[in-house]
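Each chain is listed here by its residues.
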Amino acid sequence: MVFNDRFLKNSFIVFLGASFVNAANLLYQILVVRRLSLTSYGAFNSLLSVFMIVSLPMASLGTMIAKYSAAYNSTGERGKADALLRVLFRHMLYIGASVLVIYLVFAVGFKRYLRIDSSLPIYLTGGMLFLTTLSTVALGGLHVLG
């Protein structure tokens, strides 16, 4: 009877998917704790926190992109949706490059403050931030097609 209702069925699938991801995250965290030293694990979590603080606002932007793309697609204005995605991608390219430059300027300070031996994790986090700004537009546009 629950699986006859489409909404409940889809909610259950999302619940199962989220539960699986949370279990995988727990296993991942256990493996990382076992493999890294205490200071390396602290640096890892600090960089992960910086990444999340900067990249989380992008999720709301992706929702906005999906909303407007869906509105244009539903009214048959596919050209406007494509133009919106192109313009936003170009703007996000500039914003992502700006965030990357600012991040790299402060990278030495991050390294010193977090007492990280290698600069590679700092630079990888900056690169991921840049890619996150670009993927926000792509994923927002793909939500309409999915």
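Thresholds applied
- Within each chain, residue numbers correspond to sequence positions counted from 1 in written order.
- Restriction of local features to residues with pLDDT of at least 70 applies here, the model being predicted, together with a cutoff of 80 or more for giving and counting side-chain atom pairs; totals for whole chains, interfaces and linings are based on all residues.
- As a rule here, side-chain values cover all heavy atoms of the structure and leave hydrogens and water aside.
- To get an axis, fit a line to the C-alpha atoms, keeping to the stretch in contact for a helix; angles then go from 0 to 180 degrees between the N-to-C directions.
- Put simply, DSSP H or I for four residues or longer makes a helix, DSSP E for two residues or longer makes a strand, and each gets a number counted from the N terminus.
- Reported orientations rely on four angle classes, namely roughly parallel under 35 degrees, roughly antiparallel over 145, roughly perpendicular from 65 to 115, and oblique for the rest.
- When checking whether two residues touch, look at their non-hydrogen atoms; a contact exists if any pair is within 4.5 Å.
- In this classification, Asp, Glu, Lys and Arg are treated as charged, Ala, Val, Leu, Ile, Met, Phe, Trp, Tyr, Cys and Pro as nonpolar, and every other residue, Gly included, as polar.
- Each residue is assigned to one of three classes by its accessible area relative to the maximum for its type, calculated with a 1.4 Å probe on protein chains only: buried under 20%, partly exposed between the two thresholds, exposed over 50%.
- Any Lys or Arg side-chain nitrogen found within 4 Å of a carboxyl oxygen on Asp or Glu counts as a salt bridge.
- Lining residues are those with an atom within 4 Å of a point, where the points come from a 1 Å grid over the protein atoms alone and group into cavities, where a 1.4 Å probe fits but cannot get out, or pockets, open sets with protein on both sides within 12 Å along at least five of seven lines.
- Grid points are joined across faces, edges and corners, and a volume is the space filled by probe spheres set on the points.
- For the purposes of this section, nonpolar cores are sets of buried Ala, Val, Leu, Ile, Met, Phe, Trp, Tyr and Cys residues that join through side-chain atoms within 4.5 Å.
- Helix crossings get a hand from a simple test, with the near helix turned counterclockwise from the far one by less than a right angle marking a left-handed crossing and a clockwise turn marking a right-handed one.
- Here a pair means two rings of Phe, Tyr or Trp (six-membered ring of Trp) with centres within 6.5 Å. Their orientation is stacked below 30 degrees between planes, edge-to-face above 60, and tilted elsewhere.
- Two conditions define a charge located above a ring, namely a distance within 6 Å from the ring centre to NZ of Lys or CZ of Arg, and an angle within 35 degrees of the ring normal.

A. Just the packing of helix H4 (residues 78-105) against helix H5 (residues 107-114), in detail. For the pair H4 and H5, interaxial distance at closest approach is 4 Å and the crossing angle is 45 degrees. The orientation of H4 with respect to H5, classified from their angle, is oblique. In this structure, H4 uses Tyr103, Leu104 and Val105 to contact H5, whose residues at the interface are Ala107, Val108 and Phe110. Its residues placed into classes, the contact of H4 with H5 shows six nonpolar, no polar and no charged.

B. A look at unusual backbone geometry. Backbone geometry at Arg115 places phi at a positive 55 degrees, although glycine is not the residue there. Structurally, Arg115 is set in the loop between H5 and helix H6 (120-145).

C. Region of interest: the side chain of Ser55. Note that Ser55 resides in helix H2 (residues 38-55). Taking relative accessible area as the criterion, Ser55 reaches 11% and is therefore assigned buried.

D. Quick peek at the pattern of salt bridges. Here the structure, examined in full by the defined rule, presents two salt bridges. The partner of Glu77 in a salt bridge is Lys80, with the nearest N and O atoms 3.2 Å apart. Taking the relative accessible area as the measure of exposure, Glu77 reaches 30% and is therefore partly exposed. When the shortest N-O distance is used, the salt bridge between Arg78 and Asp82 registers 3.3 Å. Of this pair, Arg78 and Asp82 both sit in helix H4, four residues apart, which is roughly one turn of the helix.

E. Focus on the layout of surface pockets. When its volume is computed, the largest pocket comes out at roughly 330 Å³. When residues of the lining of the largest pocket are traced back to their parent elements, those giving at least two are H2 and H6. Along the lines of polarity and charge, the residues of the lining of the largest pocket split into ten nonpolar, four polar and two charged.

F. Broad picture of the environment of Phe106. Along the polypeptide, Phe106 turns up in the loop between H4 and H5. You can call Phe106 exposed: its relative accessible area is 51%. When the C-alpha atoms of Phe106 and Ile122 are compared, they prove to be 9.9 Å apart, with 16 residues separating the residues in sequence.

G. Inspection of the nonpolar core at higher detail. Judged by nonpolar contacts, Ala43, Leu47, Phe51, Tyr103, Ala107, Ile116, Ile122 and Leu129 together constitute the single largest core of eight residues. Counting residues per element, the ones that place at least two in this core are H2 and H6. Here this core takes three residues from H2, the largest share from any one element. Residues Met58, Leu88, Met92 and Val137 belong to the second largest nonpolar core, which totals five residues.

H. Inspection of the packing of helix H3 (residues 57-74) against H4 at higher detail. Where H3 contacts H4, the two axes come as close as 7 Å, and the packing angle between them is 160 degrees. By the angle between their directions, the pair H3 and H4 is classed as roughly antiparallel. At the point where H3 passes H4, the crossing takes the right-handed sense. Every residue of H4 that contacts H3 at Met58, Leu61, Ile65, Tyr68, Ser69, Tyr72 and Asn73 is listed here: Arg78, Lys80, Ala81, Leu84, Leu85, Leu88 and Met92.

I. Seen up close, the packing of aromatic side chains. Per the stated rule, a full pass over the model turns up three aromatic pairs. Arranged with centres 5.4 Å apart and planes meeting at 45 degrees, the rings of Tyr103 and Phe110 form a pair that is tilted. With a relative accessible area of 26%, Phe110 lands in the partly exposed category. A network of ring pairs unites the aromatic residues Tyr28, Tyr41 and Phe44 as a single cluster. One residue, Lys67, lies across the ring of Tyr68, its end atom 4.4 Å from the ring centre.

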